[in-house]
Amino acid sequence: MSSSEKNTLKNEKHYDKVYNDINIQSILNKIENLEEFMADATKTDTSWVGLYQDNFQNQLKGKKILELGCGDCTNAAVMAAYGAQVYANDISQKSGEIIKKLNASYKFESEIKFIEGDFLKSKITNNFYDIVVGKAFVHHLTNEQEIEFTEKIVSILKPNGIVRYFEPAVNSIFLDNLRWLIPVPGRPSKIQRVKFKNWKLNDPHPERDNSSKHYEEIGKTYFEEINIVPIGSIERFHRILPKKFNRKFRRFAFRLEKKLPHSINLSITRSHLIEYKYPKKP
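Keep in mind that this is a model prediction, so the values were computed, not measured.

Q: Please explain the overall build of the protein as it appears in this structure.
A: For the protein, the count of helices and strands is 12 helices and seven strands. Relative to the 2.2 N^0.38 estimate, which gives 19 Å for 282 residues, the radius of gyration of the protein is 19 Å and therefore close to what a compact globule would have. Here the C-alpha coordinates of the protein stretch approximately 45 × 45 × 40 Å along the principal axes. A total of about 14800 Å² of accessible surface is found on the protein, and carbon and sulfur atoms cover 52% of it. With 45 positive and 35 negative side-chain charges, the protein shows a spacing of 5 Å between the two charge centroids.

Listed below in structure tokens is the structure:
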């Protein structure tokens, strides 16, 4: 079995467990109060701030959108609630079960369609999608898998198609090493050697390049336009603050980051929005 196949299997087993007990009502509450939820999430929660930069929700209605790594399906449901024709893919079949329940419980303009299993093995019509989205998805792939995914994405996107990823960024070795020293829920500190080693064995994230430079190089190879937006250079420090200040600080931090010079922002950022436009067709 190749390293890519082992990585896929590891992700499948991990996320079958993670998505086995998702609260469907919580997702329904969000899309039933969509504007209220998005007004808060896109100012406060990192992945929503990142993916929905520049009012991405206004670009969704009527578009054919493929979401890779749809996970708990919250984002798929939000895009469908905004009127997109959403095709959601995940290695975990549990995501398909969530989508069935969402379709049965909410009247979307177009029901969400689930594409089960390995994206690379799925049969998809060329020049079909307007947008391909990944919300904290690509860093679960090996760099080799990422190339295979990108080449297939180029073929299934329309000539004016867009790829929009929100991903963690590792642009500073110092900050990345510091990050591993600080324990967070579900992940021990690297100082706790035995616990960290056991956690690492079960971690579904492969060793890979997650830098903005890496994504820029991929983009230049396969697309005509690339845009990378740093997200979280100041917000990343919210974890060291008391909980009562947490969300207020994050909103403040996201506003303040926009005033930093781009080069400084990019060098210390926690995450980034990666946008590719106009695939280079063979």
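Q: Can you walk me through the nonpolar core in this structure?
A: Soluble globular proteins tend to bury their nonpolar side chains together. Core analysis: the biggest nonpolar cluster contains 41 residues, and Met-38, Tyr-52, Leu-60, Val-78, Met-79, Leu-102 and Ile-112 have the highest contact counts within it. Top contributing element to this core by residue count: helix α5 (residues 74–81), with five residues. Ignoring sequence-local partners within four residues, the contact set of Met-38 consists of Trp-48, Tyr-52, Gln-57, Val-78 and Tyr-82. Judged by nonpolar contacts, the second largest core, of 25 residues, contains Tyr-87, Tyr-129, Ile-218 and Tyr-276.

Q: I keep staring at unusual backbone geometry and nothing clicks. Help me out?
A: Excluding glycine, most residues fall at negative phi; most peptide bonds, likewise, are trans. Even without being a glycine, Asn-127 presents a positive backbone phi close to 55°. The phi dihedral of Ala-136 falls on the positive side, at around 55°, and the residue is not glycine. Structurally, Ala-136 can be placed in the loop between β4 (129–135) and α7 (143–156). Using a relative accessible area of 30% as the deciding quantity, one classes Ala-136 as partly exposed.

The rules behind each value
Numbering of residues starts from 1 in every chain and runs along the sequence as written. Totals for whole chains, interfaces and linings use every residue, but because this is a predicted model, local features are given only for residues with pLDDT of at least 70 and side-chain atom pairs only at 80 or more, for both listing and counting. Only hydrogens and water are removed before side-chain values are computed, so all heavy atoms of the structure are retained for them. Elements are defined by DSSP. Helices are runs of H or I of four residues or more, strands are runs of E of two residues or more, and each kind is numbered from the N terminus. The atom set for the radius of gyration is the C-alpha atoms, and the globule formula is 2.2 Å times the number of residues raised to the power 0.38. Residue burial considers only the protein chains on display, and all accessible areas are found by Shrake-Rupley using a 1.4 Å probe. Here Asp and Glu are counted as negative and Lys and Arg as positive; His is not counted, and neither are the chain ends. Every charge is mapped onto a representative atom, which is NZ of Lys, CZ of Arg, CG of Asp or CD of Glu. Each nonpolar core is a collection of buried residues, namely Ala, Val, Leu, Ile, Met, Phe, Trp, Tyr and Cys, held together in the definition by side-chain atoms within 4.5 Å. Exposed residues in this analysis have more than 50% of their type's maximum accessible area, buried residues have under 20%, and partly exposed residues fall in between, with area computed by a 1.4 Å probe over protein chains only. Contacts between residues were defined by any pair of non-hydrogen atoms, one from each residue, lying within 4.5 Å.

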